[in-house]
Amino acid sequence: MVFNPLCNPFLLYGRVHPIHIHRRCSWLSLLVMALPPPPPRFVLRGSQSAVNTLHFSCRSEADSPPLLFSGSLSGLIHVWNLQTRRVDTTLDGHAGQSVYWVKILEGQHLLLSQGRDLKLCLWDLAEGRNAPVDSLSLDSVGFCKGSVLTEGTQGCWLLAVPGKGMDEVQVLDMPSKTSVCTLKPEAGAKAGMPMCLELWKPPSGSGPLLLAGYEDGSVILWNVSERRMLSRLSCHKEPVMSLDFDSGRAKGVSGSSEKVLCVWSLDEHHSLKVCRTQELTNPGIADVAIRPDGKILATAGWDHRIRLFGWKQLKPLAVLDYHSAAVHCVAFSDPGRPGEQLLAGGSKDQRISIWSVYSQT
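An account of the accompanying structure is given in this report.

So, how was this worked out
Residues numbered from 1 in each chain as written. Predicted model: local features only at pLDDT ≥ 70, side-chain atom pairs only at ≥ 80, totals over all residues. Heavy atoms only, no water. Helix = DSSP H or I, 4+ residues; strand = E, 2+ residues; numbered from the N terminus. Pairing = 2+ DSSP bridges. Axes fitted to C-alpha atoms, helices over the stretch in contact; angles between N-to-C directions. Buried < 20%, exposed > 50% of the residue type's maximum accessible area, 1.4 Å probe, protein only. Contact = heavy atoms within 4.5 Å. 1 Å grid on protein atoms, 1.4 Å probe; cavity = no way out; pocket = protein on both sides within 12 Å on 5 of 7 lines; lining within 4 Å. Points joined across faces, edges and corners; volume = space filled by probe spheres on them. Salt bridge = Lys/Arg side-chain N within 4 Å of Asp/Glu carboxyl O. Disulfide = S-S within 2.5 Å.

Things to note about unusual backbone geometry
Residue P175 is reached from M174 by a cis peptide bond, and omega for that bond is 10°. One non-glycine residue, Q48, lies in the positive phi region at around 65°. Residue placement: Q48 occurs in the loop between β1 (42-45) and β2 (51-57).

Comments concerning the sheet that holds β1
A sheet is described by the order of its strands in space; here four strands give the open sequence β1-β28-β27-β26, paired in antiparallel fashion. Every other strand in the sheet has two partners, leaving β1 and β26 (327-332) as the edge strands with one partner each. With strand direction ignored, the average angle separating the axes of adjacent strands in the sheet is 20°. Taken together, the five bridges between β26 and strand β27 (residues 343-347) define a ladder with antiparallel strand orientation. The residue bridging V330 from the neighbouring strand is G345, located in β27.

Here we look at the environment of L172
Looking at the element boundaries, L172 is found in strand β12 (residues 169-174). Its relative accessible area of 3% is what places L172 among the buried residues. The spacing of L172 and L158 is 14 residues in sequence and 5.8 Å in space, taken between C-alpha atoms. Discounting residues that sit within four places of it in the chain, L172 has contacts with L136, W157, L158, L159, K177, T178, S179 and V180.

A word on empty space enclosed by the protein
Counted by the stated rule, this structure contains one cavity of 30 Å³ or more. In this model, the largest cavity occupies a volume close to 40 Å³. Lining the largest cavity are L112, L120, C121, L122, D134, S135, L136, M174 and K177.

Overview of the pairing of strand β15 (residues 209-214)
The element β15 is largely enclosed, with a buried count of six among its six residues. Of the two faces of β15, both are covered, the one formed by L209, L211 and G213 as well as the one formed by L210, A212 and Y214. In the sheet, strand β14 (residues 194-200) pairs with β15 via six bridges, with the strands oriented antiparallel. Residue pairing for β15: P194 is matched across the bridge by Y214. Both β15 and strand β16 (residues 218-223) contribute to a ladder of five bridges, which runs antiparallel. Looking at the pairing, L211 lines up with L221 of β16.

Observations concerning the pattern of salt bridges
In this structure the tally under the stated criterion is 11 salt bridges. Between K259 and E279 there is a salt bridge, and its shortest N-O distance comes to 3.6 Å. Remark: E279 occurs in strand β21 (residues 272-279) and K259 occurs in the loop between β19 (251-256) and β20 (260-266); sequence separation between them is 20 residues. The shortest N-O distance in the salt bridge between R305 and D321 comes to 3.6 Å. Of this pair, R305 sits in strand β24 (residues 305-310) while D321 sits in strand β25 (residues 315-321), placing them 16 residues apart in sequence. Given a relative accessible area of 44%, D321 falls into the partly exposed group.

Some thoughts on the sheet that holds strand β9 (residues 134-137)
Taking strand neighbours across the sheet as the criterion, the four strands line up as β6-β7-β8-β9 in an open arrangement whose pairing is antiparallel. Every interior strand has two partners, whereas the edge strands, β6 (99-104) and β9, have only one. The mean angle between the axes of side-by-side strands here comes to 15°, regardless of whether they run parallel or antiparallel. Where β6 meets strand β7 (residues 110-115), five bridges bridge the pair, whose relative direction is antiparallel. When the sheet's bridge partners are listed, V99 is paired in β7 with G115.

Regarding the state of the cysteines
In this structure the tally under the stated criterion is zero disulfides. The thiol sulfur of C144 is not disulfide-bonded, and the nearest other cysteine sulfur, from C196, lies at 6.6 Å. Accessibility expressed as a relative area gives 2% for C144, which makes it buried. Free of any disulfide, C275 has its nearest cysteine sulfur in C262, 8.4 Å distant. Classification of C275 by relative accessible area gives partly exposed; the value is 40%.

Pasting the structure below:
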């Protein structure tokens, strides 16, 4: 009998559980239900405060494990070596204010970090400097993370951040910091503050688009080049706390303080529509992440748990119960080495759990 690794709990580690499996074993379903969730592959300790954000970056060397970047409540950014399971570098550029977004620019040695000090810092990792090489002052006092889109021009990229007005999103051309546009819902829309952003470029090659989740529970699709709203969808009764988008399937997912995941799609006319919803056991979805290969969805819960779903049909796969406080963030490693894809979860309990789950292809 052939088992699909995306729905088979015996393959949570990418290997078969040491038990003889037979087609006619009537007790198999009971055994599967009785299996406890797997423990983390290992745990990173040493952040010394709540972990707000995580981001993997694969090294250019084929045999080197990815680096993991974390941003913490204390304002520090840690660069974790996953071989030694220790911090390689600590970056301090946000004056002790909480860091809630870190991101490596693709193909470059540049790291972005965003903090509650209303600054976005740019770090050059190739130079090994422990001070930012540049920074950008932000106007918003909220918790909306930025989003980047690498352009074709070498060294240039778009940056979307919350704008000066309460309901505005500002798009900048970087590193020149030139304003591209300010996106603002029409008068009377009452969308509230932007809560999460996702810049992306359609496979058709048209201009960049932006998905934004708002305080009123809606998701809006913006055409950045034309500076106009293409579609608006009411997804949640509470503010949209996180979203992720699969451009290959033109399908995204969002979470809020409710206990409902909302999956929505984008048609050829750039109209958003709800595909399905998934009710969870407990409320509070702090973060969502679709694995880069488009097979797994992970959620970070206020109930201390990480939940895994098959992304295609939103089938529940596993509940990872390790942390002793709310899980703030989840992140997947790059799919370049399928047998070693990792999932990381960061928590208020100051720990980062590293998991190797459903890594066979």
